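# Structure at a glance
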Amino acid sequence: MKDDANSFTFASIGDLHVKEGQSGSLRDLFRDISKKAGALVLCGDLTDTGTPTQAEILAEQLRACSIPVIGVLGNHDYESGHADQVKRILCDGGVRLLDGQATEVNGVAFIGVKGFAGGFGPRMLSSFGEPAIKTFVAEAMNEAMRLENIMRTVNSRRAVVVLHYAPIADTVEGEPLEIYPFLGCSRLAETIDRFKVCAVVHGHAHRGKYEGQTPAGARVYNVAMAVQKPSGLAYALISV
């Protein structure tokens, strides 16, 4: 965390899993965030099963947020096959949804892709064997390439990478070992480490650990709603 006069503080949270007919509201959370941060960054799984109705509920509750809202979709947002409608509803509601794009707030560039699975380090899944395995690995490589392509266009001194899947194993620590390969992929970290990045935020790993770093030292934060944050809040406050 930085506390100098030129720093910019944003809030970040993932895995809201908004459902139809859920009890309670996120409006108070969004109002509180608006008082403490200059932007809200959402790290995927915004809806529980990716239905347009769930997206409409979230868009309506986000009206309580008076600061810019930036986000990426997660795997749950694709579940019902209506991801394009979910995107349209949230974008119409004012969310800057990133899918291989960047957006800037107060001189800070936010660069977003969903990311994908594949595992970490030397045990990362390789493109070998059956066509299905090669297709799976190609998806992870494509997401890393899309991230790299957009990062090459960013000129801001301060850059924040927004993901759903984890780029490192450190922030999924606490999850069952058997599912580590499905929680993220080191190919994302390899891409990130080619550039100067102030912070990386992701979700997806509900039982993971809040903070880690890439091999080159970029700070990585798991901001899934269920993950304990240093502030004790449901969201992270990060200064860059």
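Report follows, based on the coordinates.

Rules used throughout
- Residues numbered from 1 in each chain as written.
- Predicted model: local features only at pLDDT ≥ 70, side-chain atom pairs only at ≥ 80, totals over all residues.
- Heavy atoms only, no water.
- Phe/Tyr/Trp six-rings, centres within 6.5 Å; stacked < 30°, edge-to-face > 60°.
- Helix = DSSP H or I, 4+ residues; strand = E, 2+ residues; numbered from the N terminus.
- Buried < 20%, exposed > 50% of the residue type's maximum accessible area, 1.4 Å probe, protein only.
- Pairing = 2+ DSSP bridges.
- Right-handed = clockwise from strand over helix to strand, strands pointing away.
- Contact = heavy atoms within 4.5 Å.
- Salt bridge = Lys/Arg side-chain N within 4 Å of Asp/Glu carboxyl O.
- Axes fitted to C-alpha atoms, helices over the stretch in contact; angles between N-to-C directions.
- Parallel < 35°, antiparallel > 145°, perpendicular 65-115°, else oblique.
- Left-handed = near helix turned anticlockwise from the far one by under 90°.
- Nonpolar A, V, L, I, M, F, W, Y, C, P; charged D, E, K, R; others polar.

### Some details on the packing of aromatic side chains
Per the counting criterion, the structure on display carries 4 aromatic pairs. Between Tyr210 and Tyr221, the aromatic rings sit 5.3 Å apart at their centres with planes inclined by 45°, giving tilted as the arrangement. In this pair, Tyr210 is assigned in the loop between strand E8 (199-202) and strand E9 (211-213) and Tyr221 in strand E10 (residues 219-222), connecting sequence segments 11 residues apart. You can call Tyr210 buried: its relative accessible area is 11%. On the accessibility criterion, Tyr221 (3% relative accessible area) is buried. Members of the aromatic cluster, connected to one another through ring pairs, are Phe116, Phe136 and Tyr165.

### A closer look at the pairing of strand E2 (residues 40-43)
The side chains of a regular strand alternate between the sheet's two faces. Alternating positions in E2 separate into two faces, Leu40 and Leu42 on one and Val41 and Cys43 on the other, with burial throughout. Here strand E1 (residues 9-13) pairs with E2 via 3 bridges, running parallel. Each residue of the ladder has a partner; that of Ile13, found in E2, is Leu42. Pairing geometry for E2 and strand E3 (residues 69-72), over 4 bridges, is parallel. Bridge pairing in E3 places Cys43 opposite Val72. For the handedness criterion, the β-α-β arrangement of E2, helix H2 (residues 52-61) and E3 is classed as right-handed.

### What about the environment of Thr49?
Note on placement: Thr49 falls in the loop between E2 and H2. Measuring from C-alpha to C-alpha, the distance between Thr49 and Ile238 comes to 28 Å, with 189 residues separating the pair along the chain. Leave out the neighbours within four places in its chain, and Thr49 touches Gln54, His76, Glu79 and Ser80.

### Things to note about the pattern of salt bridges
Inspection of the entire model under this criterion finds 10 salt bridges. Across the pair Arg31 and Asp28 runs a salt bridge, and its minimum N-O distance is 2.8 Å. In this pair, Arg31 and Asp28 are both assigned in helix H1 (residues 27-36), 3 residues apart and thus about one turn of the helix distant. On the basis of relative accessibility, which here comes to 41%, the residue Arg31 falls in the partly exposed class. On the basis of relative accessibility, which here comes to 58%, the residue Asp28 falls in the exposed class. The shortest N-O distance in the salt bridge between Arg146 and Asp99 comes to 2.8 Å. With Arg146 in helix H4 (residues 131-151) and Asp99 in the loop between strand E4 (95-97) and strand E5 (101-105), the pair connects residues that are 47 residues apart, well separated along the chain. Accessibility expressed as a relative area gives 21% for Arg146, which makes it partly exposed. Three or more residues joined by partner-sharing salt bridges are found here, namely Lys87, Asp99, Glu143 and Arg146.

### Observations regarding the sheet that holds strand E7 (residues 158-162)
Ordered by their spatial adjacency, 6 strands build an open sheet running E5-E6-E7-E8-E10-E9, and the pairing between neighbours is mixed. The open sheet has two edge strands, E5 and E9, and neither has a second partner. Here the strands of the sheet are splayed against their neighbours by 25° on average, with no regard to which way each runs. Bridge count for E5 against strand E6 (residues 108-112) is 5 bridges, and the pairing is antiparallel. Note that in E6 the partner of Gln101 across the bridge is Gly112.

### With respect to the packing of H2 against helix H3 (residues 83-92)
Two measures define how a pair of helices packs: the angle their axes make with one another and the distance between the axes. Put simply, H2 and H3 touch, their axes get as near as 9 Å, and they point 15° apart. Here H2 lies roughly parallel to H3, going by the angle between them. Of the two elements, H2 crosses H3, and the hand of that crossing is right-handed. Residue-level inspection shows Pro52, Ala55, Glu56, Leu58 and Ala59 of H2 in contact with H3, the latter providing Gln85, Val86, Ile89 and Leu90. For the contact of H2 with H3, the residue count by class is 7 nonpolar, 1 polar and 1 charged.

### Some remarks on the sheet that holds strand E11 (residues 236-239)
With mixed pairing, the 5 strands of this open sheet are ordered in space as E4-E3-E2-E1-E11. Looking at which strands have only one partner, the edges of the open sheet turn out to be E4 and E11. In this sheet, neighbouring strand axes are inclined to one another by 25° on average, regardless of whether the strands run parallel or antiparallel. Of the strands in this sheet, E1, E2 and E11 touch H1, which is tilted by about 155° from E1.

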